Amino acid sequence: GPTGSVTGLTDEYVPPRDDMENQLANSWAEVLNLPPETISIHADFFKIGGHSLKATVLAARIRKRMQVEMSVIQIFKTPTIAGLSQYLKTAGKSKDVSIEPVELREYYDLTPVQKRLYILQQMDPGSTVYNVPAFLTLEKPIDKEKLTEIFKRIIRRHEILRTSYQMIHDEPRQTIHENVEFEIEFKNSSTDYTDYTDGRGTSLWLPFIRPFDLSTAPLLRVGLIKEEGDHITL
């Protein structure tokens, strides 16, 4: 085989024998970051750099590219290009379909899950039970303006981050806004959080974990706490 070929379970490089195996080799190469011409069709995916997360990515890529049924479990069962090719030749066409966007409207109905969560929040507007906080410590100073612009771009890109919820015609509805205001909250723990400091405990984060007004987008809150030379991104 070619120099440096990845063979996995075999000592001999065997190239793709047809178009399907060639497509699979290209998909493997993209996921594993390897040249496709070095991957034998008998190489074991999990012995040449693959793992469960990459297998999940590979399965999704195969479904989209080849429009066939493919689960991550199948990659564990047949972890070679030759094995997957044989399986796919007898598998049915994928039921995955592209989600078509609905027409532009002033507002939209809620899904059953959205409606249930909305009602629960209305019963206890001060609750933070359904907040999803995440914390990340950055050891180097960051540019707050650049970070703000990054979040603004993300908000512009994803409609769900520009969505608010309110009662319209006696029904909970969702509205997608063209533009929303967004700013990062910045606090210095030594001066702004006198009542919250207890060393580096989680009490520093309490001011950020507060209720959202569902009628006002974005339903996203980002803050920076400067603490002992570090920035804690919330």
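Residues numbered from 1 in each chain as written. Predicted model: local features only at pLDDT ≥ 70, side-chain atom pairs only at ≥ 80, totals over all residues. Heavy atoms only, no water.

Before we go on, may I ask you to explain the pattern of salt bridges in this structure?
Any two side chains of opposite charge can pair, on the condition that their charged atoms come close. One pass over the full model with this rule turns up 10 salt bridges. Residues Asp 109 and Arg 173 are paired through a salt bridge, measuring 2.4 Å at the closest nitrogen-oxygen approach. Of this pair, Asp 109 sits in strand 1 (residues 108-109) while Arg 173 sits in strand 4 (residues 171-176), and the two are 64 residues apart along the sequence. A salt bridge links Glu 183 to Lys 152; the shortest N-O distance between them is 3.8 Å. In this pair, Glu 183 is assigned in the loop between strand 4 and strand 5 (185-188) and Lys 152 in helix 6 (residues 144-157), connecting sequence segments 31 residues apart. (Salt bridge = Lys/Arg side-chain N within 4 Å of Asp/Glu carboxyl O. Helix = DSSP H or I, 4+ residues; strand = E, 2+ residues; numbered from the N terminus.)

Explain the pairing of strand 4 here, please?
When a strand is regular, its side chains alternate between the sheet's two faces. Relative to strand 4, strand 1 is paired through two bridges, and the arrangement is antiparallel. Looking across to strand 4, one finds that Tyr 108 is bridged to Gln 174. Examined bridge by bridge, strand 3 (residues 163-168) and strand 4 share six bridges and lie antiparallel to one another. Within strand 4, the position partnered with Ile 168 by the bridge is Glu 171. Hairpin connection, strand 3 to strand 4: the antiparallel pair is bridged by two residues, and His 169 has positive phi, about 55 degrees. (Pairing = 2+ DSSP bridges.)

What is the right way to look at the environment of Lys 226 in this model?
Mapped onto the elements, Lys 226 comes out in strand 6 (residues 223-227). Overall, Lys 226 belongs to the partly exposed group, its relative accessible area being 32%. Taking the C-alpha atoms as reference points, Lys 226 and Lys 187, 39 residues apart in sequence, are found 6.4 Å from one another. (Buried < 20%, exposed > 50% of the residue type's maximum accessible area, 1.4 Å probe, protein only.)

Please clarify how the packing of helix 1 (residues 19-32) against helix 4 (residues 81-88) should be interpreted in this entry.
When two helices pack together, their arrangement is given by the angle between their axes and by how far apart the axes lie. At a closest axis distance of 9 Å, the pairing of helix 1 and helix 4 adopts a crossing angle of 125 degrees. Taken together, the axes of helix 1 and helix 4 are oblique relative to one another. Seen along the crossing, helix 1 lies across helix 4 with a hand that is right-handed. Here helix 1 contributes Met 20, Glu 21, Leu 24, Ala 25 and Trp 28 to the contact with helix 4, which in turn contributes Ile 81, Ala 82, Leu 84, Ser 85 and Leu 88. Its residues placed into classes, the contact of helix 1 with helix 4 shows eight nonpolar, one polar and one charged. (Axes fitted to C-alpha atoms, helices over the stretch in contact; angles between N-to-C directions. Parallel < 35°, antiparallel > 145°, perpendicular 65-115°, else oblique. Left-handed = near helix turned anticlockwise from the far one by under 90°. Contact = heavy atoms within 4.5 Å. Nonpolar A, V, L, I, M, F, W, Y, C, P; charged D, E, K, R; others polar.)

Sorry, what's going on with a nonpolar patch on the surface here?
Taken together, the side chains of Val 113, Leu 117, Ile 119, Leu 120, Met 123, Val 129 and Tyr 130 define a hydrophobic patch exposed on the protein surface, amounting to about 700 Å² of accessible area. Along the polypeptide, Val 129 turns up in the loop between helix 5 (112-123) and strand 2 (136-138). (Patch = residues over 30% accessible without salt bridge, like charges linked within 9 Å, V, L, I, M, F, W, Y side chains within 5 Å. Areas by Shrake-Rupley, 256 points an atom, 1.4 Å probe, with all protein chains shown as cover.)

Would you take a moment to explain the nonpolar core for this structure?
Generally speaking, soluble globular proteins have nonpolar side chains that are buried together. The biggest cluster of nonpolar side chains holds 24 residues, and the ones touching the most others in it are Leu 24, Trp 28, Phe 45, Ile 62, Ile 75 and Leu 88. Secondary structure elements with two or more residues in this core: helix 1, helix 2 (52-66) and helix 4. At seven residues, helix 1 tops the list of elements feeding residues into this core. Counting residues in hydrophobic clusters, the runner-up holds seven residues, among them Phe 151, Ile 155, Ile 184 and Leu 224. (Core = buried A, V, L, I, M, F, W, Y, C linked by side-chain atoms within 4.5 Å.)

Help me understand the packing of helix 1 against helix 2 in this model?
As a packed pair, helix 1 and helix 2 sit with axes 10 Å apart at the nearest point and diverge in direction by 140 degrees. As judged from the angle between their axes, helix 1 and helix 2 are oblique. Handedness of the crossing formed by helix 1 with helix 2: right-handed. Two secondary-structure elements touch here, helix 1 through Met 20, Gln 23, Leu 24, Asn 26, Ser 27, Trp 28, Glu 30, Val 31 and Leu 32 and helix 2 through Lys 54, Val 57, Leu 58, Arg 61, Ile 62, Arg 65 and Met 66. Grouping the amino acids of the contact of helix 1 with helix 2 by side-chain chemistry returns nine nonpolar, three polar and four charged.

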